[in-house]
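# Coordinate analysis (summary)
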Amino acid sequence: MAAERMQRIPSRLREWIERAKTGLLQRYQRLQPREQRLLQAAALLLPVLAVVFGMALPLHDRLARLRADIGALAIQAGDANALADQLRARGGKAPALVNPMSGIEQAAQQAGVRGFVTRIKPDLTLGDGRQRLIVDMKAAPYADVIRFLGLLRAQGMAVSRAKLYAIDRPGQVDVELTLSN
């Protein structure tokens, strides 16, 4: 079987392997018996060290990290259960989560500017945990835009940025708003 494998190796490489084996064997035979035993022990110890440091220790470290994560998650679960118990004890319901997009839609309908809204999209540039939305309107009546802003404020929405552009038609503006909850 070893002879078959050697036949598949290109001839130059095969010659180099044979010279290396012969040279190493001669070198090994010239060593003192004590040095030969030391080399044999090292040959046996090397795979054991590779298994320990290459597999066992990294697995042990990962297991320790996972155990620490489980402890932290157990604490969080306990806190969540305590908060749920407090909420049940009060007999109240959790506050309804208001979808900012639906709030903007409702305010636009009430203010009469829904037909002028050309775009409502999330602003994903911030990582501060607040949801921001961009609202664009084209040729919207100025008085209705002001009413729309008042309705948004009543819903708890904050205007981070507002750009109103005068257009050719009197009393109408193009609007770019950035809103946050």
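As a reminder, the structure under discussion sits directly above these lines.
What follows covers a nonpolar patch on the surface. Together, L45, V48, L49, V52, F53 and L57 make up an exposed nonpolar region whose accessible area comes to about 520 Å². Structurally, V48 is set in helix α3 (residues 33-90).

Below, the discussion takes up the pattern of salt bridges. Scanning the entire structure with this criterion turns up five salt bridges. For D85, the salt bridge is made with R88, and the minimal N-O distance between the two is 2.7 Å. Of this pair, D85 and R88 both sit in helix α3, three residues apart, which is roughly one turn of the helix. R147 is paired through a salt bridge with D144; the nearest N and O atoms lie 3.0 Å apart. With R147 and D144 both in helix α5 (residues 142-154) and three residues apart, the pair spans about one turn of that helix. Given a relative accessible area of 43%, R147 falls into the partly exposed group.

Moving on: the pairing of strand β4 (residues 172-180). Counting buried residues along β4, seven of its nine residues qualify, which places the element largely inside the surrounding structure. Bridging between strand β2 (residues 132-141) and β4 involves eight bridges; their strand directions are antiparallel. Pairing of L133 across the sheet is with L179, part of β4. Across eight bridges, strand β3 (residues 158-166) lies against β4 in antiparallel orientation. Each residue of the ladder has a partner; that of R161, found in β4, is T178. The hairpin turn running from β3 into β4, its antiparallel successor, is five residues long, and G171 in that turn takes a positive phi close to 80 degrees.

We now examine unusual backbone geometry. In this structure, A139 takes a positive phi of about 55 degrees despite not being glycine. Position of A139 among the secondary structure elements: in strand β2.

The next point concerns the packing of helix α4 (residues 100-111) against α5. Taken N-terminus to C-terminus, the directions of α4 and α5 make an angle of 140 degrees; their axes are 9 Å apart at the nearest point. In terms of orientation, α4 and α5 fall into the oblique class. The two elements α4 and α5 cross, and the hand of that crossing is right-handed. Contact residues: α4 offers I104, A107, A108, Q110 and A111, while α5 offers D144, R147, F148, L151 and L152. Classifying every residue of the contact of α4 with α5 gives seven nonpolar, one polar and two charged.

What counts, and where the lines are drawn
- Residues numbered from 1 in each chain as written.
- Predicted model: local features only at pLDDT ≥ 70, side-chain atom pairs only at ≥ 80, totals over all residues.
- Heavy atoms only, no water.
- Patch = residues over 30% accessible without salt bridge, like charges linked within 9 Å, V, L, I, M, F, W, Y side chains within 5 Å.
- Areas by Shrake-Rupley, 256 points an atom, 1.4 Å probe, with all protein chains shown as cover.
- Salt bridge = Lys/Arg side-chain N within 4 Å of Asp/Glu carboxyl O.
- Helix = DSSP H or I, 4+ residues; strand = E, 2+ residues; numbered from the N terminus.
- Buried < 20%, exposed > 50% of the residue type's maximum accessible area, 1.4 Å probe, protein only.
- Pairing = 2+ DSSP bridges.
- Axes fitted to C-alpha atoms, helices over the stretch in contact; angles between N-to-C directions.
- Parallel < 35°, antiparallel > 145°, perpendicular 65-115°, else oblique.
- Left-handed = near helix turned anticlockwise from the far one by under 90°.
- Contact = heavy atoms within 4.5 Å.
- Nonpolar A, V, L, I, M, F, W, Y, C, P; charged D, E, K, R; others polar.

These figures capture arrangement, not role.
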